[in-house]
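In case you want the letters, here they are:
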Amino acid sequence: MLITNKSATSLSAGEEVRLNVLFMRGDKIIEHWRDATFQTHISDGDKRAFISEPLALTFLDAFAGAEYMVAMTMKNAGVGGAKLEGSAEAIRQLRNCGFAAAGLNPHDPFLK
């Protein structure tokens, strides 16, 4: 996952930060990743990008089922977020392509 924030100038390239990531539908949290590790990267113009380690298998479900995603510091300061409307269909197609490329049956009960 990649989250950007142009105001986070106190952080250096390679510095690790811990964030809480919430996937929301309306005012309800449908998935909450507590204390997730992200590494700081600096792009042109000093914009900071925070990139996570490989994501849990539940990421696609959370991404597809949420209306929006919010990332916050451990002290609940907002870092970034995104509206995820329309993501469910894109995720469904991505999964279908992955299953086809791997030669797997998407209805295999051991893949869920």
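The model shown is predicted, which means the values in this text are computed figures rather than measured ones.

**Concerning the environment of Val-79**
1) Next: Along the chain, Val-79 turns up in strand S6 (residues 78-83).
2) Next: Leave out the neighbours within four places in its chain, and Val-79 touches Ile-3, Thr-4, Asn-5, Leu-19, Phe-50, Ala-71, Met-72 and Thr-73.

**Quick look at the packing of aromatic side chains**
1) Next: On inspection of all chains with the given rule, the structure shows one aromatic pair.
2) Next: On the numbers, 5.1 Å between centres and 65° between planes, the contact of Phe-23 with Trp-33 is edge-to-face. Note that Phe-23 is positioned in strand S2 (residues 16-25) and Trp-33 in strand S3 (residues 28-42), a separation of ten residues in sequence.

**Topic: the side chain of Arg-48**
1) Next: Following the sequence through the fold, Arg-48 ends up in strand S4 (residues 48-52).
2) Next: Look at Arg-48 and you get buried, because its relative accessible area is 6%.
3) Next: When residues no more than four places from it in sequence are discounted, the contact partners of Arg-48 are Ile-3, Thr-4, Asn-5, Ala-8, Thr-9, Leu-11, Thr-40, His-41 and Ile-42.

**As for the pairing of S2**
1) Next: Within S2, seven of the ten residues are buried, which leaves the element mostly enclosed by the surrounding structure.
2) Next: Strand direction decides the pairing type here: S2 and S3, joined by nine bridges, are antiparallel. Looking at S3, one finds that Leu-22 is bridged to His-32.
3) Next: Connecting the antiparallel pair S2 and S3 is a turn made up of two residues, with Gly-26 showing a positive phi of about 65°.
4) Next: Pairing between S2 and strand S5 (residues 68-73): six bridges, direction antiparallel.

Conventions and cut-offs
- Residues numbered from 1 in each chain as written.
- Predicted model: local features only at pLDDT ≥ 70, side-chain atom pairs only at ≥ 80, totals over all residues.
- Heavy atoms only, no water.
- Helix = DSSP H or I, 4+ residues; strand = E, 2+ residues; numbered from the N terminus.
- Contact = heavy atoms within 4.5 Å.
- Phe/Tyr/Trp six-rings, centres within 6.5 Å; stacked < 30°, edge-to-face > 60°.
- Buried < 20%, exposed > 50% of the residue type's maximum accessible area, 1.4 Å probe, protein only.
- Pairing = 2+ DSSP bridges.

Remember that the coordinates give geometry; whether it matters functionally is a separate question.
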